Amino acid sequence: MFAEKEMSDALKWLFDLYQPEDYEAYDEEEVGSVALCLPEICMALRDKVETPYEYTIRTNIDQGFEYRGKELFVQRACLLYTDMEISVFDMVDTSYNRELWLLEDMSFAVVHNVSMVVKSEDYYYTTEYRSIVKLLKERDDLFFTPESLMEELDDMCIPQWESEATIYEL
């Protein structure tokens with residue numbers, strides 16, 4: 001279950017993987033989970049909980065085909081961070097991303113995502129394939145800077161700060 005204490009503990013564990021030298025500007029009050037408003041972040045994460053699938057097709061085309069494959073984790077999860085590795089934007093937007101997911105059991109998973117999006121003003125067609133790379137266990141599994149993760153987590157809270165988000169009791 002996505003409860004505030006468990007989510008806060010998981011995020012603290014994640015930031016504890018970083019060393020002080022991993023931060024661009026080291027300041028004890030500005031590093032790690034200490035610099036974040038964890039209750040608000042937990043509420044924002046709770047709003048993003050979903051059941052991710054290995055393969056999906058989504059569209060708004062009349063009589064369009066929508067599809068979901070097998071569950072990716074066999075538990076609910078929340079996407080924390082996406083890092084685009086390769087991207088081609090043309091008539092069809094195609095990208096290869098690395099993602100960090102927080103799972104319902106409060107572990108973290110690194111996932112590869114390949115997506116293709118075709119859209120115009122009137123319609124869209126999206127297909128995504130995800131595969132689990134590994135569970136995040138140690139510092140060497142990190143693929144993002146602590147500042148980029150902190151920025152992403154803060155951005156998730158903007159709807160709350162602007163009174164546009166759903167409020168959850170955690």
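For the structure, check the block above.
Residues numbered from 1 in each chain as written. Predicted model: local features only at pLDDT ≥ 70, side-chain atom pairs only at ≥ 80, totals over all residues. Heavy atoms only, no water.

**What to know about the nonpolar core**
Link 1 in the chain: Counting residues in hydrophobic clusters, the biggest one holds 33 residues, and the most contacted among them are L14, L45, L80, L100, L102, F144 and L153.
Link 2 in the chain: Those elements that provide at least two residues to this core are α1 (4-16), α2 (38-47), β3 (77-89), β4 (93-103), β5 (108-119) and α3 (146-156).
Link 3 in the chain: In contact with L80, other than residues within four places in its own chain, are L11, L45, L100, W101, L102, F108, E152, L153 and M156.
Link 4 in the chain: Residues L72, A77, W101 and V111 belong to the second largest nonpolar core, which totals 8 residues. (Core = buried A, V, L, I, M, F, W, Y, C linked by side-chain atoms within 4.5 Å. Buried < 20%, exposed > 50% of the residue type's maximum accessible area, 1.4 Å probe, protein only. Helix = DSSP H or I, 4+ residues; strand = E, 2+ residues; numbered from the N terminus. Contact = heavy atoms within 4.5 Å.)

**What about the sheet that holds strand β2 (residues 67-68)?**
Note: strands within a sheet are paired through backbone hydrogen bonds, in either parallel or antiparallel orientation.
Link 1 in the chain: Strand order across the open sheet formed by 6 strands is β2-β1-β6-β5-β4-β3, with antiparallel pairing between neighbours. Edge positions in the sheet fall to β2 and β3, since each of these pairs with one other strand and no more.
Link 2 in the chain: In the sheet, strand β1 (residues 55-59) pairs with strand β6 (residues 124-135) via 5 bridges, with the strands oriented antiparallel. Across the sheet, T59 pairs through a bridge with Y125, a residue of β6. (Pairing = 2+ DSSP bridges.)

**So, α2**
Link 1 in the chain: Among the 10 residues in α2, 7 count as buried, and that is most of the element.
Link 2 in the chain: Buried within α2 are the following residues: L38, I41, C42, M43, A44, L45 and R46.
Link 3 in the chain: Tucked inside the fold, the buried residues of α2 contact α1, β3, β4, α3 and α4 (158-161).

**Examining the environment of L11**
Link 1 in the chain: Counting through the fold element by element, L11 comes out in helix α1.
Link 2 in the chain: Between the C-alpha atoms of L11 and F108, which are 97 residues apart in sequence, the distance is 9.6 Å.
Link 3 in the chain: Sequence-distant contacts of L11, defined by excluding residues within four places in its chain, comprise L38, I41, L45, L80, F108 and L153.

**Topic: the pattern of salt bridges**
Link 1 in the chain: All chains considered together, the criterion is met by 8 salt bridges.
Link 2 in the chain: Ionic pairing is found between E99 and R130, a salt bridge with its closest N-O pair at 2.8 Å. One end of the pair, E99, is in strand β4; the other, R130, is in strand β6, with 31 residues separating them in the sequence. A single burial state applies to E99 and to R130, both of which are buried.
Link 3 in the chain: Here the residues in one salt-bridge network are R58, E99, E128 and R130, joined through shared partners. (Salt bridge = Lys/Arg side-chain N within 4 Å of Asp/Glu carboxyl O.)

**Re the packing of aromatic side chains**
Link 1 in the chain: Within the structure shown, the criterion is met by 9 aromatic pairs.
Link 2 in the chain: Judged by centre distance (6.0 Å) and plane angle (50 degrees), the ring pair of Y55 and Y67 falls under tilted. Here Y67 lies in strand β2 and Y55 lies in strand β1, a separation of 12 residues in the sequence.
Link 3 in the chain: A ring pair is formed by Y81 and F144, whose centres lie 5.0 Å apart and whose planes are at 45 degrees; its orientation type is tilted. Highlighted residues: Y81 in strand β3 and F144 in the loop between β6 and α3, separated in sequence by 63 residues. Each member of the pair Y81 and F144 is classed as buried.
Link 4 in the chain: Here the aromatic cluster, defined as three or more aromatic residues joined through ring pairs, consists of F15, Y18, Y81, F143 and F144. (Phe/Tyr/Trp six-rings, centres within 6.5 Å; stacked < 30°, edge-to-face > 60°.)

**A closer look at the pairing of β4**
A regular strand places its side chains on the two faces of the sheet in alternate fashion.
Link 1 in the chain: The sheet contact formed by β3 and β4 spans 11 bridges and is antiparallel. Bridging from a neighbouring strand, C78 pairs with L102 of β4.
Link 2 in the chain: The loop that links β3 with its antiparallel partner β4 comprises 3 residues.
Link 3 in the chain: Connecting β4 to the antiparallel partner β5 that follows it, the hairpin turn spans 4 residues, and M106 within it adopts a positive phi of roughly 70 degrees.

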